[in-house]
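Structure at a glance
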Amino acid sequence: MTGLDPVTSTPAPAAVHGATTQGAPVRPRATLALTSAATAVALMTYTAPMVTLPDTASALHTSLSAQAWLLNGTPLGLAALLLVAGSLADDYGRRRLFLSGTLALGLTTVLGAFATSTWQFTLARIAQGAASAALLASSLGLLVAAFPSPRGRLHATGVWGAFVSGGIAAGPLIAGALPSWRVAYGVLGAAAVLVAALGTRTLTESRAPRGGRPDALGALTFGLALVALVAALTLGRDGWLRAPVGVLLVAAAVLVVLFVAVERRVGTPMIDLGLLRHPPFLASAAGGLFTGLAVIAPFSFLPALIQQTLRLSPMDTAWLILIWSGLSFTVALQVKHLAGRIGPRVQLAAGFALHAVAVLTMLGAIGSGSWTRLLPGLIVGGAGSGLLNGALPLLSVDSVPRERAAMGSGAQQTFRYIGSSAGVALTIALATSSGTLAHGTDIALLVSAGLAAVGAVSVVALRER
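Residues numbered from 1 in each chain as written. Predicted model: local features only at pLDDT ≥ 70, side-chain atom pairs only at ≥ 80, totals over all residues. Heavy atoms only, no water.

Scanning the protein for helices and strands turns up 16 helices and zero strands. At 21 Å, the protein has a C-alpha radius of gyration in line with the 23 Å of a compact globule built from 465 residues. Across its three principal axes, the protein shows a C-alpha extent of roughly 60 × 50 × 45 Å. Expressed as a percentage of its 465 residues, the buried residues of the protein come to 59%. (Helix = DSSP H or I, 4+ residues; strand = E, 2+ residues; numbered from the N terminus. Rg over C-alpha atoms; globule rule 2.2 N^0.38 Å. Buried < 20%, exposed > 50% of the residue type's maximum accessible area, 1.4 Å probe, protein only.)

Laid out in C-alpha cells, this is it:
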C-alpha cells in the first residue's frame, strides 16, 4: 500500500463494490443491519460487567485489587488483535472474518457464564475481546464495500457508530434485568450465534488482496507487545515499582521496536508506517486513545461505585446509566446531519469538551448520597459520547485508502481499547487509593476531565498539512 489519500487511491473492485468471486450481489441495507446488530451485541458483552461487577466479584471470590482484571479482560483481547484482524480482513475476506468472530463471540460468552474462578472468567473475557476484534474491524470494511459513495459511507458509519452507543446502553440493562450475571452471558452468547447464522445467508464477501504471505511475525510481535502493555497497566494498580510491572513494560517496549523493524522489511505489512506521518490517521488514533482513557474507563467503573456508595440495585443503576448511553445513541444517529458543516475532528473536539464539562459537574456526587446529583453530568456526557461515537468510525475509514478500511478501523479501535485498559486501571487505582471512595472518585473525575481536554487539543492540532 503506497497511497495515503482515501479519495485519490484506486481501490480494488472487490473493495469498492463488494463483489465476490462468485459474483453475488451486495445487499447494503442487510449488511448495515447485520454488522450493526453484531456490533451492538459485542458492546453489550463488553459493558455487561458495569452493573454485575459486585455480584460477579462476590461469586468468583475476586479481591478488590483483582477486579480490574474482570473489566480489562475484554479490552486486552480487543487491543491485542484489532489491528491484526483488520489487516487479515482486508487481505483474506471481511465476511469470513466477521462470521468467524461473531460465532466465536457467542461461544466464548457462553463459556464465561460457566466460570467458577477469577482466572477462568478473565480468560473467557480475553477470548471475547479477541472474537470482538475480528467482528468490529471487519464490519466497517464490509460497510465501506457495501456503501462506496461518500454519502452512503457517511450514513452507514453514522448508524454503525450509533449502535456502538446502543450496545453500551443495552448491555447493563439486559445484565441488570436478568436473574443473574450467568444468565445474562448465556443470553448474549445466544444472540451472537444467531447473528452469525443470519450472516451466512446475507453477507457478501469482499477483500482487497495485496499478494504475498500473511505478516505473521508482525502480528505476533504486535499482539505480544499489547498483551504485555495491558497486563503491566492492570498489574500496576498494586504498585508500579514491582518487578513484574517493570519487566512487562520493558518487554512491551522491546516488542514494539521489533514490530517496527519487521514492518519496514516485510512485503505486505499489517500497517503502512507512512500512515504515522499522515495527520488524519494520527487524529483518528488520538481520538480513539483519549476516548478510551477519558470516557470509557471512568464510565466502566462508575456503576460499581454507584452501587457501593449510593446503594442502588443493579437494575436501578442500569436505568441511571441509560441516561448517558441512551443520549449517546441518539446523538450518534444524528451526527450524519453535520456533514459538510462540521468535520469529524471538530466533532471529536466538541465531544471531548462536553465530556470534560460533564465529569466536572459530577464532582462531589458520589459522596452526596443522592443519585440526582449525577443527572446533569450524565446528560451532558451522553451528548459528548454520541459525538465521539458518531465521528470516530468515519474518521477511521476516511484516514486510510478505501481498500484498507478494515485496517484503519482496527488501528483506531486498537488505540481506543489500549486507552480503555489503561484508564480502567488508573480509575480504580485513583478511586480506591484515597481515604474514602467519594474523595478518590473526585480525583479520578478530575483526571478524566484533564485527559479529555488533552484529547480535544490533540485532534484539532493534527491538521492536514
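To continue, consider unusual backbone geometry. Notably, histidine 61 is not glycine yet its phi reads approximately 55°, a positive angle. Structurally, the position occupied by histidine 61 is in the loop between helix H3 (49–60) and helix H4 (67–92). Located in the positive-phi region is arginine 311, a residue other than glycine, with phi close to 60°. For arginine 311, the position within the fold is in the loop between helix H11 (279–310) and helix H12 (314–334).

Below, the discussion takes up the nonpolar core. With 122 residues, the main nonpolar core has Leu136, Ile271, Phe301, Ile306, Leu374 and Tyr417 as its most contacted residues. In terms of residue count, H11 provides more of this core than any other element does, 16 residues in total. (Core = buried A, V, L, I, M, F, W, Y, C linked by side-chain atoms within 4.5 Å.)

On to the pattern of salt bridges. Scanning the model with the defined rule gives two salt bridges in all. The salt bridge partner of aspartate 90 is arginine 94, with a shortest N-O separation of 3.0 Å. Accessibility assignment for this pair places aspartate 90 and arginine 94 in one class, buried. The closest approach of N and O atoms between aspartate 398 and arginine 153, which form a salt bridge, is 3.1 Å. With a gap of 245 residues between them, aspartate 398 in helix H14 (residues 375–398) and arginine 153 in helix H7 (residues 150–177) connect regions that are remote in the sequence. Classification of aspartate 398 as partly exposed rests on a relative accessible area of 27%. For arginine 153, a relative accessible area of 9% gives the class buried. (Salt bridge = Lys/Arg side-chain N within 4 Å of Asp/Glu carboxyl O.)

Looking now at the confidence of the model for the protein. One rule of thumb: low pLDDT means the predicted coordinates there are not for detailed reading. In this model, the protein carries a mean pLDDT of 83, and residues with pLDDT of at least 70 account for 92%. Taking the mean pLDDT of every element in the protein, the minimum, 38, falls on helix H1 (residues 13–17) and the maximum, 94, on helix H5 (residues 94–113). With pLDDT under 50 throughout, residues 1–22 is counted as low confidence; its partners more than four residues away or in other chains account for 54 contacts. (pLDDT = per-residue confidence, 0-100. Contact = heavy atoms within 4.5 Å.)

Attention now goes to the packing of aromatic side chains. Applying the stated rule across the entire model yields seven aromatic pairs. Both rings, one in phenylalanine 222 and one in phenylalanine 259, keep their centres 4.9 Å apart while their planes meet at 45°; by these two values the pair is tilted. With phenylalanine 222 in helix H9 (residues 216–235) and phenylalanine 259 in helix H10 (residues 243–265), this pair connects stretches of sequence that are 37 residues apart. Of the two residues, phenylalanine 222 and phenylalanine 259, neither departs from the other in class, the shared state being buried. Judged by centre distance (4.2 Å) and plane angle (5°), the ring pair of phenylalanine 299 and tryptophan 324 falls under stacked. (Phe/Tyr/Trp six-rings, centres within 6.5 Å; stacked < 30°, edge-to-face > 60°.)

What follows deals with the packing of helix H2 (residues 28–47) against helix H6 (residues 118–146). When two helices pack together, their arrangement is given by the angle between the helix axes and by the axis-to-axis distance. Where H2 contacts H6, the two axes come as close as 10 Å, and the packing angle between them is 155°. With respect to their mutual orientation, H2 and H6 come out roughly antiparallel. Both H2 and H6 take part in a crossing whose hand is left-handed. Between H2, through Pro28, Thr31, Leu32, Thr35, Ala38, Thr39, Ala42, Leu43, Thr45 and Tyr46, and H6, the contact on the second element is made entirely by Arg125, Gln128, Ser132, Leu135, Leu136, Ser139, Leu142, Leu143 and Ala146. Grouping the amino acids of the contact of H2 with H6 by side-chain chemistry returns eleven nonpolar, seven polar and one charged. (Axes fitted to C-alpha atoms, helices over the stretch in contact; angles between N-to-C directions. Parallel < 35°, antiparallel > 145°, perpendicular 65-115°, else oblique. Left-handed = near helix turned anticlockwise from the far one by under 90°. Nonpolar A, V, L, I, M, F, W, Y, C, P; charged D, E, K, R; others polar.)

On to H3, then. Over its twelve residues, H3 runs only 13 Å from end to end, short of the ideal 16 Å by more than 12%, given 1.5 Å per residue. Every buried residue of H3 is listed here: Pro49, Met50, Val51, Thr52, Leu53, Thr56, Ala57 and Leu60. Of the residues flanking the end of H3, it is histidine 61, one or two places downstream, whose phi is positive at about 55°. (Expected span 1.5 Å × (residues − 1).)

Bringing the environment of serine 433 into the picture now. Within the secondary structure layout, serine 433 lies in helix H15 (residues 405–433). Residue serine 433 is classed as exposed on the basis of its relative accessible area of 56%. C-alpha of serine 433 to C-alpha of isoleucine 443: the two residues are ten residues apart in sequence and 9.9 Å apart in space.

Here we take up the packing of H12 against H14. Viewed as axis vectors pointing N to C, H12 and H14 meet at an angle of 35°, and their least axial separation amounts to 7 Å. You can see that H12 and H14 cross each other, and the crossing is right-handed. For the pair formed by H12 and H14, the contact residues are Leu320, Ile323, Trp324, Leu327, Ser328, Val331 and Ala332 on the first element and Leu375, Leu378, Ile379, Gly381, Gly382, Ala383, Ser385, Gly386, Leu387, Asn389 and Gly390 on the second. Looking at the contact of H12 with H14 residue by residue, the class counts come to eleven nonpolar, seven polar and no charged.

For the rest of this paragraph, the subject is the environment of alanine 130. By secondary structure assignment, the location of alanine 130 is in helix H6. Through-space distance from the C-alpha of alanine 130 to that of threonine 204 is 23 Å; in sequence the pair is 74 residues apart. Setting aside residues no more than four positions away along its own chain, alanine 130 makes contact with Gly77, Leu78 and Leu81.

With 22 residues, helix H8 (residues 181–202) extends 32 Å between its outermost C-alpha atoms, agreeing within 8% with the 32 Å of an ideal straight helix rising 1.5 Å per residue. Along H8, the residues that are buried comprise Trp181, Ala184, Tyr185, Leu188, Gly189, Ala192, Val195, Ala196, Gly199 and Thr202. The buried residues of H8 all sit within an arc of 150° when viewed along its axis, so they share a single face. Exposed residues pointing more than 90 degrees away from the buried face of H8 are listed as Leu194 and Arg201. Contact partners of the buried residues in H8: H2, H3, H5, H6 and H7. (Arc of directions from axis to C-beta.)

Turning next to the environment of glutamine 120. In this fold, glutamine 120 is placed in helix H6. Judged by its relative accessible area of 29%, glutamine 120 falls in the partly exposed class. Linking glutamine 120 and histidine 61, residues 59 residues apart in sequence, is a C-alpha distance of 12 Å.

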